[in-house]
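The lines below spell out each chain.
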Amino acid sequence: MDKIYSALTQIVGEDYVSNRPEELFTYSKDLGTSPPQFPEYVAAPRTAEEVSRIVRMANQEKVAVVPLGGGMTLAGLALPLRGGIVLDLKRMDRIIELNEKARYVVIEAGASHGKLTAHLHKHAPHLMHSEPGAPPAATIGGNLAIHGQGDLAHPYGFNSDMLNGLEVVLPTGEICRFGSCAIGCAWYTLHPLPDLGLFLGWNGSTGIITKVSLRLFPCKKFREMDIFVVEDETLIPDVLFALTHVGMAEDLVAWSSAIPPFANELHHISINITGDSKEEMEFKRRQIFDIKLSKYIRDGVGAIGAVAQPSERPQISKSADWKKGGGFEYVGSIMPVAAYPECYRRGAEISTRHDIPYTVLGRVIGAAHGMMFSWSYAFNRADDRSVQHARDALHETDDLVMELGGTIWKPAVFGQQLLMSRMDPNTLQMMKKVKTMLDPNGIMNPGNWEVA
Amino acid sequence: MFNLRFDENKCLACETHDCLTRCQYMAMDIPTAKAEMEKLIQGRESRVLHDCVTCYACEEYCPLGNHPFYLIVTRQEELDILPLPSPLIKRGVQMAIPFRGEPEIEPIAGRALNMGVFSMLVPHVQGRLFEDVTLMSTDSRKMFHYFCQLMYLHFGRTSVINERLEESIATIAAHGAREVIHFHDECYGTYASYAPAFGIDVPFKSVHLFEYLYERLGAMQDDIKPLNYKVAYQRPCSSRLSPDKHPFVDKLFDLIGVEHVQREFVDENALCCGSTIMGQRREGSRRFCLELQQKNIDDMKKAGAQLCVFNCPACMQTLGKPVADAGIMPIFMSDLCRLAIGEKSP
């Protein structure tokens, strides 16, 4: 029997390892435009110890290991670019501790955001975590590995800013903990110990996140979404600055899309408002619409588009439906809020060039300290020409991000290379040293953040 | 292009100017109303163009059937004095652009029930009451082909209605139905009031939903069990375009055994649901809308209403939740009628 297959079977059990083509096929793709990349093995460990044993074995055999969460980055970040073992972490989904008084939850990294949300609804409905804009099947660890963000980004920032502690299996197999848990305390804080933040945003190329302590935040009784609309995109930064100044919203997302037609060449700002009473909700609306935004309404250039709608996350995945064939991928970036008008205009131009209805979105992070701005491109999976158009549009958008002074978020390999080509040489060398030190055999998700 | 058939001589000879003096949102005596109306007739700026909340009521108040509201909206557009901020107008105009292909035109031999742009409300027109009709516009992807367009009266945009209405009429007419019952007052008002006022030909006979329900329930009298609820009715703006059909509300209530509670804001005094006022451009529109809604709901509660009956989906969407929060159950008229014959509403 194949030596590696046999070793994997001994570690995780026969039911949780495969080298059968039909299963490898499933793991060879994600939902974006990346071409298929086949692994040689798939294994689904249950514990950090099993992960550790697999990694040690992989080092001996010099075989690549690619950690996989929900597989929803769309950018091919969990595709096995150099074959090897895909580690499907979704069996590591236990919720270990819910501490309501210290407002954190300790959870295995393969647990989905949907599972955590359901758990909190049931056991601590007055608390919530930040669920990203991805489908609920996205995993906690996967989202951290790409510096994700989602709900509560306006008041609290990136999801990686909401961490109280981490457990990581290093590329050489050691299991390490970071934060207060590292000194045997509860998992209530990541600070003030020396900063060892070497794992977030690395796409699993410096280690495998296996356990996480996430901060929980107050979950208000009423949650509704209001919409403010403007036509002139140059107004958006000022409207967002006004809204973040008044500080009454839980989340702020500006968006525009060619389809459905009502949204074409208009800019909607979804304003999530929460409160424990109707009076609190109305107080917040008064500050927002009657005071801060009233001048735009009076001048006829801004309008209340809707009030008290059910609160829902932005669903750019719907843009996949704008072309036959159901595909979509997007470039995300972290941008200054002031760049919104240019991001919109230039993005719409790229879309037009590639015959794709434009869809753009800017989620405010912090008090307008930045925004995650995304450009989505729909394509027909069954039409190679359509896929190529989307791929070209994505690459052009990566270039655009750099031109506009932004930073590509969760970049695909093309984008990673673009970023590294512009990176300060000393920073680049530091990245290389970190990677070489942690992963001397270069087995962890090779091809990602690979410094030449 | 179609133009409003407005008889200015009737207006100039009018002694009451009920259109403006009875307006619930503008305080005006007869001399002022006369002066403002003259400005409107001459195409000059008038405070009416700025202050109109577009509740449609003046269409009903006018004793001469001279379409003062259509005149106001026409002038708003001509003078570019628009009730809503421009992004909301653009959004509304774009909203009705069909983008999901052409509808399949199936021939309808008898009577049709036109859902207009409310295909998603098909569950509310099920059961024995609707056995005799064939539903039209049941696919929400294609429903904008059946859009009556009258919503643009709230936007100061008769030009959009006039540009698009003929196509909607052609789509409906293509089914070949003998009669078309309209689920929404707005559609009925379009084909029975607006189109004739602008000289737009409508090649099918329109029937108001309430008239149809009254006829059907009349044929099922033995099956009706009085519901014995106390009900309020949220009269929609577009009902003002067909005041001759409004009496069917009380006729239906009598038939199904519910008590239409005595209220201040009822019939010709009905208050707007606030849907369009919320986003209007005037200073304080949002607060005004909330106050209006509260006044309306307080009036329902004071009168002891257990249910609030809606026909307009926009009214239901705007006022349904606040009404429910106040302990009054919101319900569509079609569902209330189904309850009376022992059927469950969705």
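Remember, it's a predicted structure, so these values are computed and weren't measured experimentally. (Residues numbered from 1 in each chain as written. Chains lettered and ligands numbered in written order. Predicted model: local features only at pLDDT ≥ 70, side-chain atom pairs only at ≥ 80, totals over all residues.)

(A) The pairing of strand β10 (residues 208–215) of chain A, seen in detail. Residue and element names in this part refer to chain A. For β10, the buried fraction is high: eight of the eight residues fall into the buried class. As judged from the five bridges shared by strand β6 (residues 104–108) and β10, these two strands associate in the antiparallel manner. Note that in β10 the partner of Tyr104 across the bridge is Arg215. Pairing analysis gives six bridges linking strand β8 (residues 163–169) to β10, with the strands arranged antiparallel. (Buried ≥ 20, exposed ≤ 12 C-beta atoms within 10 Å, placed from the backbone. Helix = DSSP H or I, 4+ residues; strand = E, 2+ residues; numbered from the N terminus. Pairing = 2+ DSSP bridges.)

(B) A look at the interface of chain B and chain A. On the chain A side, the residues contacting the 17 residues of chain B number 20 residues. For the side of chain B that touches chain A, the secondary structure elements donating two or more residues are α7 (86–95) and α12 (285–302) of chain B. With seven residues, the single largest contributor to the side of chain B that touches chain A is α7 of chain B. Split into classes, the residues belonging to the side of chain B that touches chain A amount to eight nonpolar, three polar and six charged. (Contact = placed C-beta atoms within 7 Å. Nonpolar A, V, L, I, M, F, W, Y, C, P; charged D, E, K, R; others polar.)

(C) Region of interest: the sheet that holds strand β18 (residues 370–380) of chain A. Residue and element names in this part refer to chain A. Judged by pairing direction, the sheet is antiparallel, and its eight strands sit side by side in the order β15-β12-β14-β13-β17-β18-β16-β19 without closing on themselves. At either margin of the open sheet sits one strand with a lone partner, and together these are β15 (302–310) and β19 (407–409). In this sheet, adjacent strand axes meet at a mean angle of 25 degrees when their direction is disregarded. In terms of strand pairing, strand β16 (residues 326–335) meets β19 through three bridges, oriented antiparallel. Note that in β19 the partner of Ser333 across the bridge is Ile408. Seen against the sheet, helix α10 (residues 340–353) touches β13 (251–257), β16, β17 (359–365) and β18 and runs at an angle of roughly 160 degrees to β17. (Axes fitted to C-alpha atoms, helices over the stretch in contact; angles between N-to-C directions.)

(D) Structural detail: the domain arrangement of chain B. Residues and elements named next belong to chain B. For chain B, the domain assignment lists domain 1 (8–78), domain 2 (111–209) and domain 3 (213–340). Computed from C-alpha atoms alone, the centre-to-centre distance between domain 2 and domain 3 is 21 Å. The interface is formed by 18 residues belonging to domain 2 together with 18 residues belonging to domain 3. Per element, the largest residue contribution to the side of domain 2 that touches domain 3 is seven residues, and it comes from helix α9 (residues 185–197). Residue classes in the side of domain 2 that touches domain 3 are distributed as nine nonpolar, seven polar and two charged. (Domains from an automatic or database assignment.)

(E) Inspection of helix α10 (residues 209–218) of chain B at higher detail. Residue and element names in this part refer to chain B. For α10, the complete set of buried residues consists of Leu209, Phe210, Tyr212, Leu213 and Leu217. Down the axis, α10 shows its buried residues gathered within 155 degrees of arc, on one side only. Close packing links the buried residues of α10 with β3 (179–182), β4 (205–208), α11 (247–256) and α14 (333–340). (Arc of directions from axis to C-beta.)

(F) Region of the structure containing the pairing of strand β9 (residues 175–179) of chain A. Residues and elements named next belong to chain A. Pairing geometry for β8 and β9, over five bridges, is antiparallel. Bridge assignment links Gly165 to a residue of β9, and that residue is Gly179. The loop that links β8 with its antiparallel partner β9 comprises five residues; one of these, Gly173, has a positive phi angle of about 105 degrees.

(G) Broad picture of the packing of α10 of chain A against helix α11 (residues 384–403) of chain A. Residues and elements named next belong to chain A. At a minimum axis separation of 10 Å, α10 and α11 run at an interaxial angle of 160 degrees. When the axis of α10 is compared with that of α11, the two are roughly antiparallel. Pair α10 / α11 crosses with right-handed handedness. Across from Arg346, Gly347, Ile350 and Ser351 in α10, the residues of α11 making contact are Ala393, Glu396, Thr397 and Leu400. Grouping the amino acids of the contact of α10 with α11 by side-chain chemistry returns three nonpolar, three polar and two charged. (Parallel < 35°, antiparallel > 145°, perpendicular 65-115°, else oblique. Left-handed = near helix turned anticlockwise from the far one by under 90°.)

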